[in-house]
Structure formats: C-alpha cells, structure tokens
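Structure at a glance
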Amino acid sequence: MVAANKTVEFSRVGTLTGTPEQVRTGLSRLNAEQVVALTIEHGSESAAKALAETVAGLAPLVGAILKRRQDEAFNSIIEALVPEVPPPHHKLVEARMVADARKAVLEGGDWLTAAEVAKVAGFSTSNPSTQPNKWKKERQVFAVRHRGVDYFPGYALDPLTDFRPVKALANVLDVFRGKKDDWGLAYWFASVNSFLGGKRPQDLLISDPERVVAAAADEVAGPLHG
C-alpha cells in the first residue's frame, strides 16, 4: 500500500488513501478518466489502506465479470436475431421412428422402476434403488432410461428366485457388450427372432435361457457365408 498522495497501479487501478485534503491533492495530479471514492467516517489510517488494497485487488475480477456478462449479452442478442433452423426432414423421420420403437418396447413388456423392483424382491424401501443399481453395475441386468427414470425389464426377474435377475441375462449382456446399448438390448429382446422360431427373446429368457444366449451369439455372428 502507499502513503497519501502516492499511487500504485493494480491492473490500471490506482489507489489513494489519506484525509480528504490529501486525496484531493493526489487527485489533482492524476490523469484518470473515472474516480471511485470510498469514505470512512471513523477509522484508522491502516484500516483505510487495507480497504483500498482490497478494492484494488478486486478490480481485475470485477472487470473480468463485466466482460463476461457483456459477451453473454452480445451472444444472447445474436441468438435472438438468428432464426430457428428446423432439423432436416430425414432427422424428423428418424426421430419419429425411434420414438415409435421405444413406445412399442415400453408397451410390449413389464418395465419396473427401482422402487418397484425393490418392492417385489422384498428389499428395504428406505433406499430402494441400491440393489437394482448394483445389479446394473455388475451387468446382471440392464435398464432403459425414459424421462429421467431407469426402468428394469420385468421379464428378466425370475419369480422362482424371489425376482432376482435371470442368470442367463448376464451371459447375453456379455455377448452384446460394446455392440448394443440399453435401448438396443431392449429392441432385441422385444423383437421376434427367427433363431427362436419366431418368438421374442424376452418370452423365453426364463423358460429357455440357453436358447436365448445362443440366439444372442447367432445375432453377433451374423450370416455365415460358405
């Protein structure tokens, strides 16, 4: 900090401390476009210097904030002036197809939230998502996310084992690892499968799990050419 009548630059911000008369004298020697004055009715010289030093230290930060806000306002004006660009027609068609496919999947099988899974499986309701999420993390089951909520396939939970995931499902997930995401898995389970004689994998997962695993392997292998 400086004594009265002296100036120290902090990113083009100078500070003066002292009595009103001392500050007036100092200002008369400055070539500044703007001046900000802070007065202390009752305070020591050291307190005045500390306050001036704090303000000088904050000046660069204030300048950065003002610049950022100006940039944000400028970009907002540009966005407001630029008209909305509609997506290409083929993207609209693709979006409709995906929406219809997801709707068909959700309507074509029993899908349960984590809380519902916990309820049917007899888990604690204090934190119902713990066990279903643990299964998902360990790749014993999968879940599709819809409107911010995870839905677990009811056809993958075996009533004979207190609604735990069918063990064969982990094998199916391993077969499709890196090849199908959660929705891709849901589509596959809900689609009729020629390898399964026109039946859906989700209909046979509990009753004939080995065939479903074999169908997944056949799907990944693709058509064989001799």
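For the structure, see preceding data.
Right, let's walk through the structure included here. (Residues numbered from 1 in each chain as written. Predicted model: local features only at pLDDT ≥ 70, side-chain atom pairs only at ≥ 80, totals over all residues. Heavy atoms only, no water.)

Structural notes on unusual backbone geometry
Test applied: Numbering goes from the N terminus for both helices and strands, where a helix is a DSSP run of H or I of at least four residues and a strand is a run of E of at least two.
If you check the backbone angles, Arg147 has positive phi at about 55 degrees while not being a glycine. Note on placement: Arg147 falls in the loop between strand E2 (144-146) and strand E3 (149-153). Of note in this structure, Phe163 is not a glycine but carries a positive phi near 60 degrees. Inspection of the secondary structure assignment puts Phe163 in the loop between strand E4 (157-158) and strand E5 (164-165).

Details of the pairing of E3
A regular strand places its side chains on the two faces of the sheet in alternate fashion. Threshold: The pairing criterion is simple: DSSP has to find at least two bridges between the two strands.
Sheet analysis places strand E1 (residues 111-112) next to E3, joined by two bridges and oriented antiparallel. Counted as the bridge partner of Trp111 is Pro153 from E3. Taking the residues that link successive antiparallel strands as the turn, the E2-E3 hairpin has two residues, and the phi of Arg147 there is positive, at about 55 degrees.

Observations regarding helix H4 (residues 114-121)
What counts is decided by this rule: Exposure classes here rest on a 1.4 Å probe applied to the protein chains alone. A residue is buried below 20% of its type maximum, exposed above 50%, and partly exposed in between. To obtain the arc, one takes the directions from the helix axis to the C-beta atoms. Residue contacts follow a heavy-atom distance rule, with two residues in contact if any of their heavy atoms lie within 4.5 Å.
If you check which residues of H4 are buried, you get Ala114, Val117, Ala118 and Ala121. Buried residues in H4, looked at end-on, bunch into an arc of 100 degrees, giving them a common side. Where H4 is buried, its residues touch E1, helix H5 (130-137), E3, E4 and E5. Remark: Gly122 follows H4 within two positions and exhibits a positive phi of approximately 80 degrees.

Re the pattern of salt bridges
Pairs can form between side chains of opposite charge whenever their charged atoms are close. How we decide: Salt bridge criterion: a side-chain nitrogen from Lys or Arg within 4 Å of a carboxyl oxygen from Asp or Glu.
Scanning the entire structure with this criterion turns up twelve salt bridges. One salt bridge in this structure joins Arg145 and Asp150, with 2.9 Å as the shortest N-O distance.

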